[in-house]
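Tertiary structure, described
As a plain string of letters, each chain reads:
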Amino acid sequence: MTAIVLSASGLRKHYRIGALGDHRTLVAVDDVDLEVRAGETVALVGESGSGKSTVARCLVHLVEPTAGEVRVAGEPVRARPVAALTRVYRDVQMVFQDPNSSLDPRMTVRALLAEPLRLHLRLRRRERDDRVRELVEMVGLRTDHLDRYPHQLSGGQRQRVGIARALAVRPRVVILDEPTSSLDVSVRGQILDLLARVQRELRIGYLFITHDLAVVRRVAHRVLVMYLGGIVEQGPTGAVFARPVHPYTRALLSAAPVPEWGVRRERFHLTGEIPSPVDLPDQCRLVGRCPLAVPACAHARPPLVPVGPGHAAACPVETSEPTAPPRGPGAVRAGAAPD
Amino acid sequence: MTLLDKQPSTVEAAPAPVGAGPRPARRRGGGSLSLRVGLALLGLYLLAAAASAVWTPYDPREVGAGEPYSPPDGSHWFGTDRLGTDVFSQVLAATRLDLGITVAAVALALTVGAFLGTVAGYYRGVADGVIMRTLEVLQAFPTLLLAMLIVQAVGPGTWNVIAVLAFVGLPEYLRLARAEILSKRGWQFAEAARLAGCRPWRVAFGHLLPNSTGPLLAYTSINAAWVVLVTSSLGFLGVGIRPGEPEWGSMISRGQSGITSGEWWISLFPGLAVLGLAAAFYLLGDGLNDAADPRRRR
Amino acid sequence: MSGASLRVEGLTGHFRTRRGAVPVLDDVSFTARAGQVTAIVGETGSGKSLTALSILRIAPPEFVVERGRVLLDEVDLLTLPERRMRAVRGARVSMVFQDARAALNPVLPVGRQLADVCRLHRPVNRRDAEKAAVEALAAVQIPDAARRARQYPHEFSGGMAQRALIAMALICEPEVVVFDEPTTGLDVTIQAEIMALIGTLTAGGLTALLITHDLGVVAETCAAVVVMRDGRVVEEASTEDVFTRPRHPYTAELLAASRLVEGSLA
Ligand SMILES: Nc1ncnc2c1ncn2[C@@H]1O[C@H](COP(=O)(O)OP(=O)(O)OP(=O)(O)O)[C@@H](O)[C@H]1O
Ligand SMILES: Nc1ncnc2c1ncn2[C@@H]1O[C@H](COP(=O)(O)OP(=O)(O)OP(=O)(O)O)[C@@H](O)[C@H]1O
Ligand code: SF4
Ligand SMILES: [Mg+2]
Ligand SMILES: [Mg+2]
């Protein structure tokens with residue numbers, strides 16, 4: 001088995017919100033376990049606001065987790081001493097969700113890319129310059145972008161600067177928070193190829209947060225599906241896409257639009273309002289939206305139960321049906337008629 | 001002196017959204033113009049300061065260089081005062097002192113204030129508590145009064161005046177820097193900088209502070225103008241600078257009686273010098289603020 | 001809501017930089033018909049956002065429009081006096097920005113910002129504006145909207161900031177809305193809800209311009225497509241034609257690339 005480069009167990013993050021005297025607890029991340037191995041790509045998908053970015057930020061201790069332990073290359077990550085935490089960033093890097101606000105507006109692309117090389121690798125100026133040049137070309141930017149400030153780049157160009165910056169120090173594991181969301185499909189393809197190539201060369205592990213299921217299918221070895229702070233299903237990409245078990249996963253997979261004219265999918269619809277992660281009762285998070293709910297669902301929060309090799313889901317109703325027919329989100333040709 | 005007591009704090013602009021968000025149409029060209037005019041004006045003062053070191057038309061301390069109370073004419077451009085000392089020479093000679101005091105006091109206040117404000121804003125916790133409580137106590141006093149009291153306590157002398165003026169101006173810088181850093185410490189570029197290998201102090205001073213200079217620089221101009229005025233107020237009230245040193249404030253003070261009796265020139269010219277320098281700083285601050293931001297540069 | 005169609009004609013412009021002029025838009029022309037969603041797709045950096053910003057006349061000051069017209073019901077927005085343009089912006093034509101979080105003011109609660117926009121164009125008092133803000137947030141599927149309205153942008157997830165921005169663009173019920181990658185960062189279920197919302201609004205007469213990289217969304221919700229590359233419009237056609245009979249090689253390339261990414265999905 002290859003080495004685990006990033007792992008978390010029992011990760012929780014609670015935020016106190018509300019005005020004085022009206023304090024509520026917002027549970028952004030609720031008991032998440034995960035691991036990423038060298039050379040492996042793990043996709044983290046899920047509802048917007050389900051806590052994916054918070055998981056990412058807890059993993060690198062940009063926010064202090066309320067509970068839980070994170071290990072990078074086997075070593076526990078702690079907020080103190082600061083010097084040790086800074087050294088951990090040599091091994092774990094992150095591409096931020098918002099490429100705009102994660103680039104210092106007063107630094108040129110050159111300075112942005114040189115900074116990690118100078119601070120982590122202590123490269124000399126000459127080597128730095130060469131490496132910076134290599135990096136921009138690697139992500140498909142031109143060298144005349146080097147002297148631009150972030151505001152002089154388009155959204156997609158900024159996103160590529162963020163990717164180049166994370167790869168600059170050749171880390172062991174990279175957390176990518178929607179790294180390709182504002183790229184056109186062809187550049188997206190190039191970036192995914194690039195990431196795959198770098199992964200093969202350096203055996204980097206990726207935790208890939210994305211909403212783009214096509215990207216997940218293409219790059220991920222394993223998938224984690226998050227809903228309201230918790231992981232509701234996980235497993236090998238092929239298995240999860242072929243036989244999504246949890247109702248949320250099924251709704252998610254069936255909602256993806258297809259880039260073809262006149263093709264419509266059979267949607268698996270969730271009903272009702274999306275709940276807010278504040279003061280949640282101890283029950284399945286999908287109660288109230290799930291068409292398959294039974295009274296038992298409201299009694300306790302269902303744990304992840306194995307449903308196949310490496311494949312687990314947190315829904316007792318679905319997992320207790322041994323002969324569930326395969327429910328691939330198969331596309332059907334339905335002329336131009338919507339569903 | 002109510003105008004002086006209350007230091008304006010209207011410079012606290014909301015942080016502009018980063019990058020290509022909705023950018024309000026902003027004034028074009030004005031930035032560099034005020035920078036140029038401000039620089040030119042300040043250059044003029046610097047020139048005057050330098051020139052006065054080697055040459056003034058008369059000795060600025062010479063009694064009886066001309067007839068007492070002679071109005072401006074060809075030989076005494078700004079006239080003479082009660083003792084017949086040449087006003088132009090005095091104004092010129094005073095430039096060195098007043099300008100020096102201002103620049104030194106502002107630089108000191110800016111550096112120390114920005115430093116402490118950054119520490120308070122980024123590290124929070126105990127440091128923040130101590131700094132902010134101290135500040136509140138200090139800010140309970142009217143600033144001019146505080147300055148006068150301390151000068152009285154530590155005694156006269158140029159360096160003492162500089163230290164006191166810096167000390168009194170510092171809280172506003174501290175407050176501005178802290179507010180800016182506080183509002184930005186959660187921004188993603190600060191987090192990204194941590195991952196790029198910056199220790200917290202480097203994030204604070206290398207990334208957050210440079211992105212917070214706008215309000216600080218804008219305030220230097222107001223602060224400098226204020227220091228110019230207070231220096232001359234201290235001179236005017238006869239505290240601070242050793243008596244006998246040519247200083248605009250004490251000149252205005254001495255000439256004050258003349259305003260009603262017709263000898264307007266004794267107070268007017270040092271007064272104009274004070275206003276001109278204050279204006280130079282104001283324009284400079286405005287221009288610098290624009291130039292320091294790559295998003296506003298062209 | 002009456003429909004107003006938007007026509008961009010021959011928009012050409014460049015950036016003034018220290019190294020001289022950098023041309024970015026070259027003769028960009030297209031029409032967005034009332035009651036439809038028109039998609040703009042194309043290369044990153046091809047000038048899509050800039051076109052949108054130019055329509056509202058909020059492009060960065062270093063961007064110079066050389067020529068071209070932006071016709072909203074036969075009125076050229078580019079020659080309108082700034083005072084009248086202010087009345088158009090937000091009230092008749094509004095925009096959802098690409099960088100959601102950056103477009104929100106970090107020091108004001110989100111609800112307050114929406115209410116401010118509302119009050120800018122409508123004679124409503126603060127209470128009503130705040131109520132409208134909460135309703136607008138609820139309309140874009142933000143759960144617990146009343147509480148969320150009191151939070152600051154950094155307390156929102158990426159997708160929620162995005163939705164808040166959509167709410168802000170819609171709060172004054174404009175006739176034309178430019179959406180610059182509105183569903184980037186939203187999961188597909190919420191994306192579907194947002195696109196359904198846009199669909200309902202266009203059925204009521206709204207003219208929507210949708211900048212996106214997601215050809216799936218284009219296929220499902222848009223009536224017409226404008227394909228841009230390198231500052232030029234290389235193809236403008238109905239969605240069906242673009243997907244079944246792409247005329248320009250770049251369009252074909254784009255479709256092929258998206259099928260490659262989808263690849264194993266089929
Ligand atoms: N600083 C904070 N204070 C309070 N609540 C927060 C804070 N940061 C995040 N949250 C809340 O935590 C929850 C999870 O947010 P997070 O950003 O992790 O979501 P996400 O899964 O990344 O969503 P998206 O896909 O929309 O980016 C949200 O409800 C969000 O409002
Ligand atoms: N201030 C500037 N100075 C010089 N060039 C600029 C400036 N701002 C943007 N550009 C360039 O203008 C081009 C068009 O940018 P625009 O943001 O419109 O692209 P876009 O089509 O929206 O791309 P994306 O899909 O990546 O968001 C880009 O190539 C960008 O690098
Ligand atoms: S446990 Fe019940 S409510 Fe939850 S997903 Fe399964 S069926 Fe639906
Ligand atoms: Mg997120
Ligand atoms: Mg764009």
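Everything numeric in this text was worked out from a predicted model, so none of it was measured.

**Regarding the environment of Gly230 of chain A**
Residue and element names in this part refer to chain A.
- For Gly230, the position within the fold is in strand 10 (residues 230-236).
- According to the relative accessible area criterion, Gly230 is buried, its value standing at 1%.
- Not counting the four nearest positions on each side in its chain, Gly230 is found in contact with Asp30, Val225 and Arg301.

**Considerations on the domain arrangement of chain A**
Residue and element names in this part refer to chain A.
- When its domains are assigned, chain A resolves into domain 1 (4-19 + 37-220) and domain 2 (246-333).
- If you average the C-alpha positions of domain 1 and of domain 2, the two centres end up 30 Å apart.
- Listed as interface residues are five residues of domain 1 and, on the opposing side, seven residues of domain 2.
- Of the roughly 470 Å² buried at the junction of domain 1 and domain 2 (both faces included), carbon and sulfur atoms supply 70%.
- Counting the surface domain 1 buries against domain 2, the share from its top three residues, Ile17, Glu47 and Leu213, is 80%.
- Taken together, the connections running from domain 1 to domain 2 amount to one salt bridge.
- Between Glu47 and Arg289 there is a salt bridge, and its shortest N-O distance comes to 3.5 Å.
- Where domain 1 meets domain 2, there are one residue pair in polar contact (both at pLDDT 80 or more).
- Residues belonging to the side of domain 1 that touches domain 2 are distributed by class as follows: three nonpolar, one polar and one charged.

**Observations concerning helix 5 (residues 126-139) of chain C**
Residue and element names in this part refer to chain C.
- With 14 residues, helix 5 extends 20 Å from end C-alpha to end C-alpha; this agrees with the ideal 20 Å at 1.5 Å per step.
- The complete set of buried residues in helix 5 reads Ala129, Ala133, Ala136 and Leu137. Relative to the axis of helix 5, the buried residues are bounded by an arc of 100° and lie together on one face. Looking at helix 5, the residues exposed on the side facing more than 90 degrees away from the buried face are Arg127, Lys131 and Glu135.
- At its buried positions, helix 5 is contacted by helix 4 (110-121), helix 6 (145-148) and helix 7 (158-170).
- Measuring from the side-chain oxygen of the N-cap residue of helix 5 to the backbone nitrogen of Arg127 gives 3.3 Å; that N-cap residue is Asn125.

**With respect to the sheet that holds strand 10 (residues 232-238) of chain C**
Residue and element names in this part refer to chain C.
- Within the open sheet, the six strands sit side by side as 6-7-8-3-9-10. Their pairing is mixed. Edge positions in the open sheet fall to strand 6 (93-96) and strand 10, since each of these has one partner strand only. Taken over all neighbouring pairs, the strand axes of this sheet differ in orientation by 15° on average, direction set aside.
- Sheet topology note: the strand 3 (residues 37-42)/strand 9 (residues 224-229) ladder contains five bridges and is parallel. Directly across from Thr38, in strand 9, lies its bridge partner Ala224.
- Together, strand 3, strand 6, strand 7 (176-180), strand 8 (207-211) and strand 9 form the strand contacts of helix 1 (residues 48-55), whose direction differs from that of strand 8 by roughly 150°.

**Brief notes about the interface of chain C and chain A**
- Across the contact, 52 residues belong to chain C and 51 residues belong to chain A.
- Between the two partners, chain C and chain A, sit zero salt bridges.
- Inspection of the region where chain C meets chain A yields eight residue pairs in polar contact (both at pLDDT 80 or more).
- Looking at the side of chain C that touches chain A, the elements with two or more residues in it are helix 3 (100-103), helix 6, helix 7, helix 8 (188-203), helix 9 (215-221), helix 10 (239-244) and helix 11 (249-262) of chain C.
- In terms of residue count, the dominant contributor to the side of chain C that touches chain A is helix 11 of chain C (eight residues).
- Partitioned by chemical class, the residues of the side of chain C that touches chain A number 17 nonpolar, 19 polar and 16 charged.

**A word on the side chain of Asp86 of chain B**
- Among the secondary structure elements, Asp86 of chain B is positioned in the loop between helix 2 (30-54) and helix 3 (87-123).
- Side chain to side chain, Asp86 of chain B and Ser89 of chain B meet in a polar contact 2.5 Å long.

**Looking at the coordination of the magnesium ion (ligand 4)**
Residues and elements named next belong to chain A.
- Surrounding the magnesium ion (ligand 4) are the protein donor atoms Ser53 (OG) and Gln97 (OE1), which sit 1.9 to 2.2 Å from the metal. Of this pair, Ser53 sits in helix 1 (residues 52-59) while Gln97 sits in the loop between strand 6 (92-95) and helix 3 (109-119), and the two are 44 residues apart along the sequence.
- Using a relative accessible area of 14% as the deciding quantity, one classes Gln97 as buried.

**Regarding the site of ligand 1**
- Contacts to ligand 1 come from 25 residues, most closely from Gly49, Ser53 and Thr54 of chain A together with Glu155 and Gly159 of chain C.
- Chains contributing residues near ligand 1 are chains A and C.
- At 2.7 Å, a side-chain N or O of Ser48 of chain A approaches an oxygen atom of ligand 1.
- In the environment of ligand 1, an oxygen atom lies 3.0 Å from a nitrogen or oxygen atom belonging to the side chain of His211 of chain A.
- Relative to its unbound accessible surface of 640 Å², ligand 1 loses 94% to contact with the protein.

**Things to note about the pairing of strand 2 (residues 20-32) of chain C**
- Relative to strand 2 of chain C, strand 1 (residues 6-17) of chain C runs antiparallel, the two being bridged by nine bridges. Residue Leu6 of chain C lies in a different strand from strand 2 of chain C, and its bridge partner there is Ala32 of chain C.

**Details of the nonpolar core**
- Within the largest apolar cluster, 88 residues are counted, with the highest numbers of intra-cluster contacts made by Leu114 and Phe179 of chain C.
- Top element by residues in this core is helix 7 of chain C. It accounts for nine residues.
- Residues within four places of Leu114 of chain C in sequence aside, it is in contact with Ala133, Ala136, Leu137, Ala164, Ala167, Met168 and Ile171 of chain C.
- Ala49, Leu135, Val164 and Val230 of chain B belong to the second largest nonpolar core, which has 60 residues in total.

**A short note on a nonpolar patch on the surface**
Residue and element names in this part refer to chain B.
- A contiguous nonpolar patch, built from Trp264, Leu268, Leu272 and Leu275 and spanning about 400 Å² of accessible area, is present on the exposed surface.
- Within the fold, Leu268 resides in helix 11 (residues 265-291).
- Since its relative accessible area comes to 38%, Leu268 is described here as partly exposed.

**Things to note about empty space enclosed by the protein**
- The tally for this structure, following the rule as stated, stands at eleven cavities of 30 Å³ or more.
- Each pocket or cavity is described by its volume, and for the second largest cavity that value is around 220 Å³.
- As for the second largest cavity, its lining consists of 17 residues, of which Gln97, Asp98 and Pro99 of chain A together with Gln98 and Gln162 of chain C are closest to the centre.
- Broken down by secondary-structure element, the contributors of at least two residues to the lining of the second largest cavity are helix 3 and helix 7 of chain C.
- The greatest single-element share of the lining of the second largest cavity, amounting to three residues, is contributed by helix 7 of chain C.
- By residue class, the composition of the lining of the second largest cavity is three nonpolar, ten polar and four charged.

Calculation notes
In every chain, residue numbers begin from 1 and rise along the written sequence. Here the convention is simple: chains get letters from A, ligands get numbers from 1, in the order in which they are written. Owing to the predicted nature of the model, reporting of local features is limited to residues with pLDDT of at least 70; listing and counting of side-chain atom pairs is limited to 80 or more, with chain, interface and lining totals taken over all residues. Based on all heavy atoms of the structure, the side-chain values leave hydrogens and waters out of the count. Helix and strand assignments follow DSSP, with helices taken as H or I runs no shorter than four residues and strands as E runs no shorter than two, numbered in order from the N terminus. For each residue, the accessible area found with a 1.4 Å probe, counting protein chains only, is set against the maximum for its type, and the residue is called buried under 20%, exposed over 50%, and partly exposed in between. In this description, contact between two residues means that some pair of their heavy atoms is separated by no more than 4.5 Å. For the purposes of this description, domain bounds are those given by an automatic or database domain assignment. Buried area is a sum: the accessible area each of two parts loses on coming together, probed at 1.4 Å, counted once for each and added. Between Lys or Arg on one side and Asp or Glu on the other, a salt bridge is scored when a side-chain nitrogen of the former is within 4 Å of a carboxyl oxygen of the latter. Pairing of N or O atoms within 3.5 Å defines a polar contact, subject to two protein rules: one partner must be a possible hydrogen donor and the other a possible acceptor, and residues neighboring in sequence count only if both atoms are side-chain atoms. Each residue is assigned to one class: nonpolar for Ala, Val, Leu, Ile, Met, Phe, Trp, Tyr, Cys and Pro, charged for Asp, Glu, Lys and Arg, and polar for all the others, Gly among them. A helix is expected to span 1.5 Å multiplied by its residue count minus one. What the arc measures is the spread of directions leading from the helix axis to the C-beta atoms. Two strands qualify as a pair provided DSSP detects at least 2 bridges between them. Here an angle of 0 to 180 degrees is reported between the N-to-C directions of two axes, which are lines fitted to C-alpha atoms, with helices fitted over the stretch in contact. Coordination shells were defined by N, O and S atoms within 2.8 Å of each metal, extended to 3.2 Å for Na, K and Ca; water is absent from the atom set, which can make sites look incomplete. We define proximity as follows: a residue is near a molecule or strand when any one of its heavy atoms falls within 4 Å of that partner. Every accessible area reported is derived by Shrake-Rupley at a probe size of 1.4 Å, with residue values counting cover from the shown protein chains alone. Nonpolar cores are built from buried Ala, Val, Leu, Ile, Met, Phe, Trp, Tyr and Cys residues. Side-chain atoms within 4.5 Å join them into one set. Only residues whose relative accessible area exceeds 30% and that form no salt bridge are eligible for patches; like-charged ones are grouped when within 9 Å, while nonpolar side chains (Val, Leu, Ile, Met, Phe, Trp, Tyr) are grouped when within 5 Å. Whether a set of points on the 1 Å grid over the protein atoms alone is a cavity depends on a 1.4 Å probe fitting there but being unable to get out, while an open set qualifies as a pocket with protein on both sides within 12 Å along at least five of seven lines; lining residues are those with an atom within 4 Å of a point. Grid points are joined across faces, edges and corners, and a volume is the space filled by probe spheres set on the points.

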